[in-house]
Amino acid sequence: MRSIYWPTMASSERSAARPLDAAAVARVQRRLQRALQPPWLHGEVARRMASRLPVIRLQPRTVLDWGAHLGASRGLLAQTYPQAALVAVEPDPERRAATAAVLAPPWWSLRRLGRAAAAAALLPHEVAPGQGELLWANMSLHGAIDPQQEMRRWHRALAVGGFLMFSTLGPGSLRGLCELYAGQGWPPPCAPFVDMHDLGDMLVEAGFADPVMDQENLTLTWPSAAALLAELRGLGGNVDPRRPRGLRTPRWQQRLARLLEAGGDGCGRVALDFEIVYGHAFRPAPRPRVAAETAVPLDDLRAMVRAGRLRP
C-alpha cells in the first residue's frame, strides 16, 4: 500500500509525546544498544528502504546514519553513495564510543585523512546544523517518546534541500498478539504505535516539505513460541504504562506459549504481523513569517542566504 501524504494540520510547536513509561523506554534502549548485532528485522527493512534510493536524484556529500548500530544500514549506504561521508549518529554515549572504535581508520592514516574523518560517530547534539544532505533513520522512531521532537532534530541536522528517509513500526504491528492478550483480559503486550498519517502531519509541523508516506505488512514465522518471544525481546520491550509491574510466573509463560502455538499456521509454526511505515520528505528553504518585528534564527538566516532568498 502506498499513500501520498497531504497535510491536514496547521503548523505548531505543540508536543506530540506518546503515553509511554519513560523509565522503561530508557531501560529498553540501553539493552538494545548493548546488543552485539542489530535485530534481523532491522536489516531486512533497511534493504527494502534502500531499494527506494535510486529514485532520488540528489547525491549527498554527507549522509547522517541516525541510530546507526540498530539501523543496520551502513553497508547499504556505503554501496549506494561510495563518494559520500557516512556519519554514524548514536543516541547512547557507550554505543557512540563502540561505533567510533569500529569505524576509526588505522592510526597510520589519520595524518592523511585528518581529524574530521577520524570522528566517524557523533551523539545527536554533536551534529552541526545543516551537516547532512541525507538523513537516514531506520527503525528508530518507534522508540521515541516524542516523535515530533525527534523530527525537529532531524530537520535541524539537514541542509536546505536535503532529504529525510526513515522507517518505523506502525499500529498494525503485533496485532495478533494484542488480540490474544485482550481475549485473556491481560494488559496490552506493547505500547501503541503511531499511524503513518499522523507521522506525516508531524513532519509538516517539524518543518519538512512534500512528505510521502507508505507502508507494508510483513508476516514473520518461528518454529516455536519460545523462538518468537526471544525475537520480540531482541526487538524491544513492553513500555506501556499499563503493563504488569511484577514478573510473570513460569505457569503464565507456559500458558502464553500454548496460546501462541494454538494460533499457529497449522504447520507447526507461529506467526506475527509487523506493519512497516516508510517516510520521505525534504527540508525546504526557511520562510519566516512577516510581522511588525520578525526574529529569524541565525542558522535559518544563513540557509536563506545560501538558497538565494536573501542577498548577503
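Residue indices follow the written sequence of each chain, beginning from 1 at its first position. Per-residue local features of the predicted model are confined to residues with pLDDT of at least 70, and side-chain atom pairs are confined, for both listing and counting, to 80 or more; whole-chain, interface and lining totals are unaffected and use all residues. Computation of side-chain values covers all heavy atoms of the structure but excludes hydrogens and water.

Undergrad: Would you take a moment to explain the environment of D214 for this structure?
TA: Only DSSP runs of H or I covering at least 4 residues are called helices, and only runs of E covering at least 2 are called strands; the numbering of each starts at the N terminus. Tracing the backbone through its elements, the reader meets D214 in strand 7 (residues 209–222). Look at D214 and you get buried, because its relative accessible area is 5%. Throughout this description, a polar contact denotes any pair of N or O atoms lying within 3.5 Å of each other; where both atoms belong to protein, one of them has to be capable of donating a hydrogen while the other can accept it, and for residues adjacent in sequence the pair is counted only when both atoms sit in side chains. Within polar-contact distance, the side chain of D214 engages the side chain of R52 at 2.7 Å. To sort residues, take the accessible area from a 1.4 Å probe on protein chains only and compare it with the maximum for the residue type: under 20% means buried, over 50% means exposed, and anything in between is partly exposed.

Undergrad: How should the side chain of H42 be read in this particular structure?
TA: Counting through the fold element by element, H42 comes out in helix 2 (residues 40–50). Among the residues examined, H42 registers a relative accessible area of 3% and is labelled buried. Residues count as neighbours in contact if any of their non-hydrogen atoms are within 4.5 Å of one another. The residues contacting H42, other than those within four sequence positions of it, are L70, G71, A72, N138, M139 and L235.

Undergrad: Just to check I follow, could you spell out the packing of helix 11 (residues 225–235) against helix 12 (residues 250–262) for this structure?
TA: Any two packed helices are characterised by how steeply their axes cross, that is the angle between the axes, and by the distance between the axes. Helix axes use the C-alpha atoms of the stretch in contact, all axes being lines fitted to C-alpha atoms, and the angles between their N-to-C directions lie in the range 0 to 180 degrees. Relative to each other, helix 11 and helix 12 sit at 105 degrees, their axes nearing to 9 Å. The angle between the axes of helix 11 and helix 12 places the two elements in the roughly perpendicular class. Between helix 11 and helix 12, the residues in contact are A225, L228 and L229 and L256, A257, L260 and E261, respectively. Here the contact of helix 11 with helix 12 is built from residues that sort into 6 nonpolar, no polar and 1 charged. Our angle categories are set so that under 35 degrees counts as roughly parallel, over 145 as roughly antiparallel, 65 to 115 as roughly perpendicular, and the remainder as oblique. Throughout, the ten residues Ala, Val, Leu, Ile, Met, Phe, Trp, Tyr, Cys and Pro are labelled nonpolar, Asp, Glu, Lys and Arg are labelled charged, and all others, Gly among them, are labelled polar.

Undergrad: How do you make sense of the packing of helix 8 (residues 147–157) against helix 10 (residues 196–205) when you look at a structure like this?
TA: For the pair helix 8 and helix 10, the least separation of the axes is 9 Å and the interaxial angle reads 45 degrees. Between helix 8 and helix 10, the angle falls in the class oblique. Helix-helix and strand crossings are classified by hand; for helix 8 and helix 10 the assignment is right-handed. Touching P147, Q148 and M151 of helix 8 are L199, M202, L203 and E205, all from helix 10. For the contact of helix 8 with helix 10, the per-class residue count stands at 5 nonpolar, 1 polar and 1 charged. Working rule for handedness: look at the near helix, and if it is turned counterclockwise from the far one by less than a right angle, call the crossing left-handed; if clockwise, right-handed.

Undergrad: Looking at this structure, how should I read the pattern of salt bridges?
TA: Side-chain pairs of opposite charge can arise whenever the charged atoms involved come near each other. Here a salt bridge means any side-chain nitrogen of Lys or Arg lying within 4 Å of a carboxyl oxygen belonging to Asp or Glu. Under the defined criterion, the tally for this structure stands at 10 salt bridges. The salt bridge involving E126 is made with R96; its shortest N-O contact spans 3.2 Å. Of this pair, E126 sits in the loop between strand 4 (121–122) and strand 5 (132–138) while R96 is found in helix 5 (residues 93–103), placing the two residues 30 residues apart along the sequence. Accessibility expressed as a relative area gives 35% for E126, which makes it partly exposed. Taking the relative accessible area as the measure of exposure, R96 reaches 24% and is therefore partly exposed.

Undergrad: Help me out: how do you make sense of the confidence of the model for the chain in this one?
TA: A low pLDDT score tells you not to read the predicted coordinates there in detail. pLDDT gives the predictor's per-residue confidence on a scale running from 0 to 100. Across the chain, the average pLDDT comes to 87, with 82% of residues at or above 70. In this model, residues 1–6 is a region of pLDDT below 50 whose contacts with residues beyond four sequence positions or in other chains number 20 contacts. The model gives residues 8–14 a pLDDT under 50, and that stretch makes 14 contacts with residues more than four places away or in other chains.

Undergrad: Sorry, what's going on with the pairing of strand 8 (residues 270–282) here?
TA: Side-chain direction in a regular strand flips from residue to residue, so the side chains alternate between the two faces of the sheet. For strand 8, the buried fraction is high: 10 of the 13 residues fall into the buried class. Sheet topology places strand 6 (residues 158–169) next to strand 8; 7 bridges connect them, and they run antiparallel. Counterpart to T168 in the pairing with strand 8 is V277. As defined by bridge partners, strand 7 adjoins strand 8 across 12 bridges and the pair is classed as antiparallel. Bridged to V212 within strand 8 is H280. Paired strands, as defined in this entry, are two strands with at least two bridges between them according to DSSP.

Undergrad: Got a minute to help me understand the packing of aromatic side chains in this structure?
TA: Each aromatic ring pair is described using two quantities: the centre-to-centre distance and the angle formed by the ring planes. Working definition: a ring pair exists when centres of Phe, Tyr or Trp rings (six-membered ring for Trp) sit within 6.5 Å. Plane angles under 30 degrees give stacked, over 60 give edge-to-face, the rest tilted. Across all of its chains, the model carries 5 aromatic pairs by this definition. An angle of 45 degrees between the planes, with centres 5.6 Å apart, marks the rings of W154 and F166 as tilted. Here the residue W154 occupies a position in helix 8, and F166 occupies one in strand 6, the gap between them amounting to 12 residues. Residue class for W154 comes out buried when judged on its relative accessible area of 0%. Under the relative-accessibility criterion, F166 is labelled buried at 0%. Aromatic side chains F163 and F282 sit 6.2 Å apart centroid to centroid with 45 degrees between the ring planes, which places their arrangement in the tilted category. Pair noted here: F163 is in strand 6 and F282 is in strand 8, with a separation of 119 residues, a long-range link. Looking at F282, the relative accessible area reads 28%, which means it is partly exposed. Linked through ring pairs, Y181, W186 and W252 together constitute an aromatic cluster. Lying over the aromatic face of Y278, R52 brings its terminal NZ or CZ to 3.9 Å of the ring centre. Counted as over-ring charges are cases with an Arg CZ or a Lys NZ within 6 Å of the ring centre that also lie within 35 degrees of the ring normal.

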